[in-house]
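# Summary of structural features
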Amino acid sequence: QGASILDGCDGEVAKLKNKKTKIGAWLDTLSDNIIYVFFLLCMGIGFYEWQSQKFYLYLSMSSLVFLISSLGFMYFYLKDQKEEGSLVWVERSINQLGKSRRIFLSFIPRHLSFVAKRDFFALAFFILALFEMWFPISVCVLIGSAFVFIYSVLLVIHRNKVGKPNWMSYNVNPA
């Protein structure tokens, strides 16, 4: 959780000092997502070493491919929309696309977007790890990264229909 606190502080300090930049937003997003890449690598290698089953390594590497591909599509979307590097734009655009009911499984972004939040899945994985439920953790990571991939592809496909998210309809500082 310390990384989350520091992650939030750097942006707030930049805003307070009026030194917010697009490059800073891109660097913040990059540093946030490098953590996920290392998590997937370490999870796959660790489970493989511990369980001596290549299955965990394959699950982790598949999740990693989905994640890296998703980040590529999100980057393309943000550059196409000429927005800053914050994935908040992507999240809000996916939620907007889900509300329009024009996409595959549109109920997921409308009702289950909390599952993609770091605080939620970190707690869920912690609880599963307490009960040594390694297989469900691996499967959840794979399914989650696959859905993120699907929605990032759909966002790029429908980018002209979505447009820019309406910031006024969102709570900018969620509790």
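Along every chain, residues carry numbers that run from 1 in the direction the sequence is written. With the structure being a predicted model, the display of local features is reserved for residues of pLDDT at least 70 and the display and counting of side-chain atom pairs for 80 or more, all residues being used for whole-chain, interface and lining totals. Excluded from the side-chain calculations are hydrogens and water; all other atoms, namely the structure's heavy atoms, are used.

## Here we look at the packing of aromatic side chains
- Two aromatic rings from Phe, Tyr or Trp, using only the six-membered ring of Trp, form a pair when their centres are within 6.5 Å; if the ring planes differ by under 30 degrees the pair is stacked, by over 60 it is edge-to-face, and anything between is tilted. The final tally for this structure, using the stated rule, is 12 aromatic pairs.
- Plain terms: the ring middles of Y36 and F121 are 5.9 Å apart, the flat faces sit at 55 degrees to each other, and that makes the pair tilted. Placement of Y36 in helix α2 (residues 22-51) and of F121 in helix α6 (residues 118-130) is noted, with a sequence separation of 85 residues between them.
- Feature note: the residues F47, W50, F55, Y56, W134 and F135 constitute an aromatic cluster, connected by ring pairs. Strands here are runs of E lasting at least two residues and helices are runs of H or I lasting at least four, both read from the DSSP assignment and numbered beginning at the N terminus.

## A short note on α2
- The length a helix should cover is 1.5 Å for every residue beyond the first. The terminal C-alpha atoms of α2 lie 44 Å apart, and with 30 residues this matches the ideal 44 Å at 1.5 Å per residue to within 8%.
- Per-residue accessibility, obtained with a 1.4 Å probe over protein chains only, is compared with the maximum for each type, and a residue is labelled buried under 20%, exposed over 50%, and partly exposed between these values. Listed as buried for α2 are A25, T29, D32, N33, Y36, L40, M43, G44 and F47.
- S52 sits one or two residues past α2 and shows a positive phi near 55 degrees.

## Here's the deal with the packing of helix α4 (residues 87-99) against helix α7 (residues 134-157)
- Angles here are taken between N-to-C directions and fall from 0 to 180 degrees, while the axes themselves are lines fitted to C-alpha atoms, restricted in helices to the stretch in contact. Following both chains from N to C, one finds α4 and α7 inclined at 80 degrees, their axes separated by 10 Å at the closest point. Considering their axes alone, α4 and α7 lie roughly perpendicular with respect to each other. Counting all contacts with α4, which are made through V90, S93, I94 and L97, the residues of α7 involved are Y151, L154 and L155.
- In this classification, Asp, Glu, Lys and Arg are treated as charged, Ala, Val, Leu, Ile, Met, Phe, Trp, Tyr, Cys and Pro as nonpolar, and every other residue, Gly included, as polar. When the residues that make up the contact of α4 with α7 are grouped by side-chain class, the tally is 6 nonpolar, 1 polar and no charged. These descriptions rest on fixed angle ranges, namely under 35 degrees for roughly parallel, over 145 for roughly antiparallel, 65 to 115 for roughly perpendicular, and the rest for oblique. Should any heavy atoms of two residues lie within 4.5 Å, those residues are considered in contact.

## Some remarks on the side chain of S63
- As for its position among the elements, S63 is in helix α3 (residues 54-80).
- Contact partners of S63, with chain neighbours within four places excluded, come to L40, V141, L142 and S145.

## What to know about the confidence of the model for the chain
- Confidence scores labelled pLDDT are given residue by residue by the predictor and lie between 0 and 100. Mean pLDDT over the chain stands at 77; residues scoring 70 or higher make up 81%.
- Low pLDDT (under 50) marks residues 165-175, which in the prediction has 16 contacts with non-local residues, meaning those over four places away or in another chain.

## Some remarks on the side chain of S138
- For S138, the position within the fold is in helix α7.
- If we skip the residues at most four places from it in the chain, S138 touches M43, F47, Y56 and L59.

## What about unusual backbone geometry?
- Positive phi is not limited to glycine here, since S52 has a value of about 55 degrees.
- Among the structural elements, S52 can be located in the loop between α2 and α3.
- Residues other than glycine seldom take positive phi values, yet E132 does so here, at roughly 55 degrees.
- Relative to the assigned elements, E132 resides in the loop between α6 and α7.
- With relative accessibility at 58%, the residue E132 sits in the exposed group.

## Notes on the packing of α3 against α7
- Between α3 and α7, whose axes approach to 8 Å, the crossing angle comes to 25 degrees. One finds that α3 runs roughly parallel with respect to α7. Considering how the two elements wind past one another, α3 and α7 form a crossing that is left-handed. Helix crossings get a hand from a simple test, with the near helix turned counterclockwise from the far one by less than a right angle marking a left-handed crossing and a clockwise turn marking a right-handed one.

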